[in-house]
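# Results of the structural survey
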Amino acid sequence: MPYSAGSFPANRPLRPSRGTRVRPVAFNTTPGLVATQLMGNNNGLTLPRLNGIPVEHHLVVDAQRAIPLATNLVRLHIAPAELWNEARRDPIAYIQLALAHWIESHGGEAIRRRFTYCATLTSCLDEFAQEDKQNGNRLYLTLDTESAGYVVLGPTLELLEAIDRRLPHTFFNLFVGGLSKWIRVYDYRDAEERAEMYREMSEGEPNAEEYEFPDVAGCLPASMKEEPLGEGDLSRLRATIAATPAGQLLGHAVEIERISNQAERPTLSDDVRAELSDANPPVPGLLAVFSISDAVEACFEEEAQYALETPPEPNLIIPIKPDDARSVRAAFHIFGTVCDVLAASVRLLEMMPGNSEWVVSP
Amino acid sequence: MEARVRIGGNRNFTLKYAVMIYTDTSTAFATLHEVRVDSEGSPYLAPGRSLTTAFLRRLSQGLARFIREGQLSEEFLYERDNGRIVEEFG
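Below is a short write-up of the structure. Predicted, not measured: the structure shown is a model, and the values here were computed from it. (Residues numbered from 1 in each chain as written. Chains lettered and ligands numbered in written order. Predicted model: local features only at pLDDT ≥ 70, side-chain atom pairs only at ≥ 80, totals over all residues.)

### Notes on the overall build of chain A
Rule in force here: The helix count covers DSSP runs of H or I at least four residues long, the strand count covers runs of E at least two residues long, and both are numbered beginning at the N terminus. Burial is judged by counting the other C-beta atoms within 10 Å of a residue's own C-beta: 20 or more makes it buried, 12 or fewer makes it exposed, and any count in between marks it as partly exposed, with every C-beta position built from the backbone. Think of it this way: build a C-beta for each residue from its backbone, and any pair within 7 Å is a contact.
The helix and strand tally for chain A stands at 13 helices and nine strands. Within the span of chain A, comprising 362 residues, buried residues form 35% of the whole. Of the contacts made within chain A by residues no fewer than 6 positions apart, 79% connect residues no fewer than 24 positions apart.

### A look at the sheet that holds strand E5 (residues 139-145) of chain A
Going by this rule: Any two strands are treated as partners once DSSP identifies two or more bridges connecting them. For helices, the fitted line uses only the C-alpha atoms of the stretch in contact; every axis is such a line through C-alpha atoms, and the angle between N-to-C directions lies from 0 to 180 degrees.
One open sheet accounts for four strands, arranged E9(A)-E5(A)-E4(A)-E1(B); its pairing is mixed. The sheet is open, and its two borders are formed by strand E9 (316-320) of chain A together with strand E1 (2-6) of chain B, each paired with just one other strand. Neighbour-to-neighbour, the strand axes of the sheet open up by a mean angle of 20°, direction not taken into account. In the sheet, E5 of chain A pairs with E9 of chain A via five bridges, with the strands oriented antiparallel. Looking across to E9 of chain A, one finds that leucine 141 of chain A is bridged to isoleucine 318 of chain A. Across the sheet, helix H3 (residues 91-104) of chain A lies against strand E4 (117-122) of chain A together with E1 of chain B, angled at about 150° from E1 of chain B, the strand it touches most. Of the strands in this sheet, E5 and E9 of chain A are in contact with helix H13 (residues 325-349) of chain A, which crosses E9 of chain A at around 160°.

### A closer look at the packing of helix H10 (residues 245-260) of chain A against H13 of chain A
Residue and element names in this part refer to chain A. Worth spelling out the cut-off: Any angle from 65 to 115 degrees is called roughly perpendicular, while one under 35 is roughly parallel, one over 145 is roughly antiparallel, and all others are oblique. Amino acid classes used here: Ala, Val, Leu, Ile, Met, Phe, Trp, Tyr, Cys and Pro are nonpolar; Asp, Glu, Lys and Arg are charged; the rest, including Gly, are polar.
Direction vectors running N to C along H10 and H13 enclose 170°, while the axes themselves pass 9 Å from each other. Relative to H13, the element H10 is oriented roughly antiparallel. Each of Leu249, His252, Ala253, Glu255, Ile256, Ile259 and Ser260 in H10 lies in contact with H13, whose residues at this interface are Thr337, Asp340, Val341, Ala344, Ser345, Arg347 and Leu348. The residue inventory of the contact of H10 with H13, partitioned by class, reads seven nonpolar, four polar and three charged.

### Concerning H10 of chain A
All names here are of chain A. Threshold: Between the first and last residue of a helix there are one fewer steps than residues, each counted as 1.5 Å, and that sum is the expected span.
With 16 residues, H10 should cover 22 Å at 1.5 Å per step; its first-to-last C-alpha distance of 23 Å lies within 8% of that length. For H10, the full list of buried residues reads Ala246, Leu249, Leu250, His252, Ala253, Ile256, Ile259 and Ser260. Turning to H10, the residues buried within the fold contact helix H5 (154-161), helix H6 (167-180), helix H9 (231-241) and H13.

### Examining the sheet that holds strand E8 (residues 286-289) of chain A
Within a sheet, each strand pairs with its neighbour through backbone hydrogen bonds, oriented either parallel or antiparallel. Residues and elements named next belong to chain A. Reading across from one edge, E6-E8-E7 is the order of the three strands in this open sheet, with parallel pairing throughout. The sheet terminates laterally at strand E6 (149-152) and strand E7 (185-186), the two strands that pair on one side only. Across four bridges, E6 lies against E8 in parallel orientation. Looking at E8, one finds that glycine 149 is bridged to leucine 286.

### What to know about the pairing of strand E3 (residues 17-23) of chain B
Residues and elements named next belong to chain B. Across seven bridges, E3 lies against strand E4 (residues 28-37) in antiparallel orientation. Its bridge partner being in E4, methionine 20 is matched across the sheet by threonine 31. The turn linking E3 back onto E4 is made up of four residues.

### Regarding H3 of chain A
With 14 residues, H3 of chain A ought to run about 20 Å at 1.5 Å a step, and its terminal C-alpha atoms sit 20 Å apart, in line with that. Restricting attention to buried positions, one finds in H3 of chain A the residues Pro91, Ile92, Ala93, Tyr94, Ile95, Gln96, Leu97, Ala98, Leu99, Trp102 and Ile103 of chain A. Lining the buried residues of H3 of chain A we find helix H1 (63-75), helix H2 (83-86), helix H4 (108-114), E4 and H13 of chain A together with E1 of chain B.

### Quick look at the pairing of E8 of chain A
Residues and elements named next belong to chain A. Residues Leu286 and Ala288 point to one face of E8 and Leu287 and Val289 to the other, with burial holding for every one of them. Relative to E8, E7 runs parallel, the two being bridged by two bridges. Paired with valine 185 across the bridge in E8 is leucine 286.

### Thoughts on the environment of glycine 178 of chain A
Residue and element names in this part refer to chain A. Along the chain, glycine 178 falls in helix H6. Glycine 178 sits in the buried class, given 23 other C-beta atoms within 10 Å. Here the alpha-carbon distance between glycine 178 and isoleucine 92, two residues 86 residues apart in the chain, equals 33 Å.

Shown next, in the form of structure tokens:
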């Protein structure tokens, strides 16, 4: 039934206060009358069309940061201007498309096969903050993951050890070192730290001898205790084995280190550090074990149970001043380098023996 | 790798309904029409239905934070949870 609004006639004079009067909503409703009965029936009276009327409105609350950033992305040729139409003239949508475009041009497809990273351009580092904390004219490009990639190092290290006992440690430093400059890699060093913490915690216990701890040192290949090759020795050795599978693996690891050195990790200011003071360590982007279910993995599994008790800090935080072209260029250069390192790591992972599994997105 | 943007509190509003008000010199009623889009992308009004106070409540909540809860006009009309209109005289 239609709702009659007869209770507020147009010219009713105001009267002195006399309290309130309560009436049901249905008061004055005309029985049996519906809207369609009040309209013409097939006599040319039809419901009006709305051609030309916009059916969407976008409210951009933070345009003072989004628009200068979008402008700089176009001027610096980081993103094509054509995305503006695809973004339906929304600066926030444009920035998102620009970020996705940058990722795709820096190995996005390869990265997705082994990593579940998410790049976020944000004005606030605390995802769960009730209100957006204004950080002046500053944005952050962050890199987060909800799960770790997985690599089994053992078979590769054995292959390299057969050529030179110092090659496994050299390979590990090139690959894991180049990657962990940008993302958190959980390796035997994290596991040793965790196992040591368990030992210290058990020392005061009355039945300390009953505790068992993962034997991290025991799962470490002997070749990892060798000194890594120097730059000159490595170059000479690479020249002799370049065409072999081991040489190709080594070549990819060298490439990861080379790309990684194309940028420097940004230094975070004290106020950013303070904002993250209650956060847990970043979720590792990669778990590097020597063999499946070894002591490193056992420590990782144990640590993972508590890793999300409080929100973890991102793997990487790149501050951006959206209206400063140099800052935008520098930030996207760093981010592009990180994507290139991740993509090169995926290419290496897919060559490493014993790692055909653990593809997250074929 | 997924790309996200989280800057401020941006919103997208879509035209979903239109209110048609019919009146003569003394009485009025209103109908609520869904806005649909035809195959060519042009919006049009679907047949109307009665305007309910529940809809008005949602609308008033969404219109602005500055409107005091339940207030429908600056003169007299208020809506309460019992579904009645309370008329107050100034």
